[in-house]
Each structure stands twice: as C-alpha cells, then as structure tokens.
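Residues per chain are reported as follows:
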Amino acid sequence: MMDPLEAIRRAGRIASNVRERIRSRIDAGVRIIQICEDVEGWIRELGGQPAFPCNVDIDHVAAHYTSPPQDPMTVPEGSLVKVDLGVHVEGYIADTATTVCLDPRYEVLVEAAEEALEEAIRSIRAGVRASEIGGIIERAMKRRGAAPIRNLTGHRMARYLVHAGEAIPNIPAPHLHRLRAGDLYAVEPFATLPEASGEVVDGPPGNIYIFKKKKSLSGEMAREMLRTIQSEYRTLPFAYRWVARRFPGPEGERAFVELVSSRCLYSYPQLLERSCRPVAQAEHSLIVTEDGCEVITA
Ligand code: MN
Ligand code: MN
C-alpha cells in the first residue's frame, strides 16, 4: 500500500493533467459523452481511477450531470461549460473543476470563480474558520460583479469519501469549525450573475448514483450487479454508463432499474440555478498545513 500523502499527491497530479488536457477539446458541437469518456479514459491511462463520473454541466446546470449511454447531447454555441473531475489512487481523492466560456459576456463569472478560489487558498491555514473562508469567497465575487451560489459548498474528503462531513461555504455562513493541519479539502466557489437567485434546486436525474444499502432483490442479475457495484465503487459515486458497459442489453437495464426502484442506490439529481442564470465554477483540492496549504491539483 502506498503512503497516503503520496497517493493524494499522485491523484492530484493526474487530476490537474487531465483538467488542462480536456480544456482544449471543449468547443461548440463537441459531444458531451466524448468529454466524459476522454476524461475518465485519461485518468485510467495515467494510473488513477475516476473518484466519480466526469461531470459536464452546461449554463444554469451547476452540478451533477454526466452522460447516459449514447448521450446525443453536444456543447451548445455560446455556453458556459463546467468540467468537474475526480481521481482516486487507492481511495485517496483529488477533486478539481474548470469552466470553459464560449460567450465573452460570461467571462466575468469565470474570472470571479477563479479569483475567489485563489483568495480562499491564500487565506487557508490550520486554525482558520470555514466561515471566514466563505466570507473571503463572497467578497471576492462581489468585487468582480458576480454572486456566489449560497447552497453549494466545498467539503472535506477522506479515503473513498468525497463528502466527509465538514463544509467550506461560499458565503460567511455559520460553519464554525476550524480547519486542522493534515485535513484534505476541496474548495469550490460557484459564481452566478448578481440578479440571479443564487441558489440551486434539484432537477432531473443526472445519471450519477451511489450505493445506499443492501436489500433483498428478486433478479439474479440485479444481485450480481449490486455485488459488482459494491466491490468496484464502494462508497464513491458512479455512472450508469459504467454499469451498462459491464451489464449490457435490456436485461442489464432491467436489473439496474430494480436496484434504483428498490432504493439500493441513490440517484443524484442535477443541481440547477433556481432562476436559470449561468453558473461558473473553479475547484482545487488541498491539504491544510500549519502555516498555509498544499494545493494538490495546481
Ligand atoms: Mn468537484
Ligand atoms: Mn467537490
């Protein structure tokens, strides 16, 4: 087994390499499923595993969309395209995101998210309160003429856990915990227009699932599918695309429907900006140190 710090750093290097590589491939007309499969394929080629499905979120979709099998959707002209990707090495996770802007009018949102992220990172060290970081993010956004999404946050991560409890808000919310040296966090400001509602609401399913609990199942294939999901993805989110590749055809589809309807799996909804305004995102993962932090996805 690898040293945890070495595994986290390795995951971080893979994540930043893949993030920068995919940026140059994103343009109007490109298929969303191509973006997802390039990202996930490159992660595996570089010796990592996806920690969750590659999210490609367009315009007012803030988070949690990945392509279903044979997704016909393409990147629209003039859209704001967020790519959010996660890599794990032996369960140690790096989570990072970037926004490609195909409409110069929304460039300000990308700059606001990136600048807020940079300022947040400069403020992080052991002992800082999460609410203080939220205040810094909100102020940086406002200075740029943007507004944060109030109900999306960064998060602490642990082995095989993308969300391990403590949050880092994007507003000075009363999250009173202090960051501790050695903790691994993802920080992710989401920027929208000042006239937007500034909140996300649940939308349709985003084709992303996570194991919830074991239940008695009628179908033999459903039972085998659940065993595969538990051993392959453990407590990490996964794509229906990945399961359909292992269990193809209508029989596999029926088994998957059984797992979802019997609530063995949780289906993540897409998160949509309530007033349908465009959203930009920037995200890095970092390890808190006594006098600062080490950004692992730089
Ligand atoms: Mn992310
Ligand atoms: Mn995250």
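Procedures and definitions
Residues numbered from 1 in each chain as written. Chains lettered and ligands numbered in written order. Predicted model: local features only at pLDDT ≥ 70, side-chain atom pairs only at ≥ 80, totals over all residues. Heavy atoms only, no water. Domains from an automatic or database assignment. Contact = heavy atoms within 4.5 Å. Buried area = accessible area lost by both parts, 1.4 Å probe. Salt bridge = Lys/Arg side-chain N within 4 Å of Asp/Glu carboxyl O. Axes fitted to C-alpha atoms, helices over the stretch in contact; angles between N-to-C directions. Helix = DSSP H or I, 4+ residues; strand = E, 2+ residues; numbered from the N terminus. Parallel < 35°, antiparallel > 145°, perpendicular 65-115°, else oblique. Nonpolar A, V, L, I, M, F, W, Y, C, P; charged D, E, K, R; others polar. Expected span 1.5 Å × (residues − 1). Buried < 20%, exposed > 50% of the residue type's maximum accessible area, 1.4 Å probe, protein only. Donors = N, O, S within 2.8 Å, 3.2 Å for Na, K, Ca; no water.

Caption draft 1: Local environment of the domain arrangement of the protein. Taken domain by domain, the protein holds domain 1 (4-201 + 274-295) and domain 2 (203-270). Computed from C-alpha atoms alone, the centre-to-centre distance between domain 1 and domain 2 is 25 Å. Each partner contributes residues to the interface: domain 1 has 24 residues there, and domain 2 has 18 residues. Between domain 1 and domain 2, the buried area comes to about 1,700 Å², and carbon and sulfur atoms account for 60% of it. Together, Pro 53, His 64 and Tyr 160 form the three largest contributors to the area buried by domain 1 at its contact with domain 2, with a combined 34%. In this assembly, domain 1 and domain 2 are joined by three salt bridges. For Glu 37, the salt bridge identified is with Arg 241, shortest N-O distance 4.0 Å.

Caption draft 2: The arrangement of the packing of helix H5 (residues 220-233) against helix H7 (residues 249-261) in detail. Packing of H5 against H7 brings their axes to within 9 Å, and their N-to-C directions diverge by 70°. Compared by their axis directions, H5 and H7 come out roughly perpendicular. Touching Met 221, Ala 222, Met 225, Leu 226 and Ile 229 of H5 are Glu 251, Gly 252, Ala 255, Phe 256, Glu 258 and Leu 259, all from H7. Across the contact of H5 with H7, the residue classes tally to eight nonpolar, one polar and two charged.

Caption draft 3: Helix H2 (residues 32-45), seen in detail. Here H2 contains 14 residues, and its C-alpha end-to-end distance of 20 Å stays within 8% of the 20 Å for a straight helix at 1.5 Å per residue. Those residues of H2 that sit buried are Ile 32, Ile 33, Ile 35, Cys 36, Asp 38, Val 39, Glu 40, Trp 42 and Ile 43. Of the surrounding elements, those touching the buried residues of H2 are helix H1 (4-23), strand E1 (49-58), strand E3 (80-89) and helix H6 (240-246). One or two steps after H2, the chain reaches Gly 47, where phi turns positive at roughly 95°.

Caption draft 4: Molecular detail of the coordination of the manganese ion (ligand 2). On the protein side, the manganese ion (ligand 2) has Asp 95 (OD), His 155 (NE2), Glu 188 (OE) and Glu 283 (OE) as donor atoms, found 2.1 to 2.2 Å from it. In terms of primary sequence, the donors binding the manganese ion (ligand 2) are separated according to D-x59-H-x32-E-x94-E. In this structure, the manganese ion (ligand 2) lies 3.1 Å from the manganese ion (ligand 1), and both are coordinated by Asp 95. Of the two residues, His 155 is situated in strand E6 (residues 153-157) and Glu 283 in the loop between strand E13 (280-281) and strand E14 (284-289); the sequence distance between them amounts to 128 residues. By relative accessible area, which is 2% here, His 155 ends up buried.

Caption draft 5: Region of interest: the coordination of the manganese ion (ligand 1). Asp 84 (OD), Asp 84 (OD), Asp 95 (OD) and Glu 283 (OE) make up the full set of protein donors to the manganese ion (ligand 1), lying at 2.0 to 2.4 Å. Each donor residue of the manganese ion (ligand 1) lies on the same chain, and together they follow the pattern D-x10-D-x187-E. Judged by relative accessible area, Asp 95 falls into the buried class, the value being 2%.

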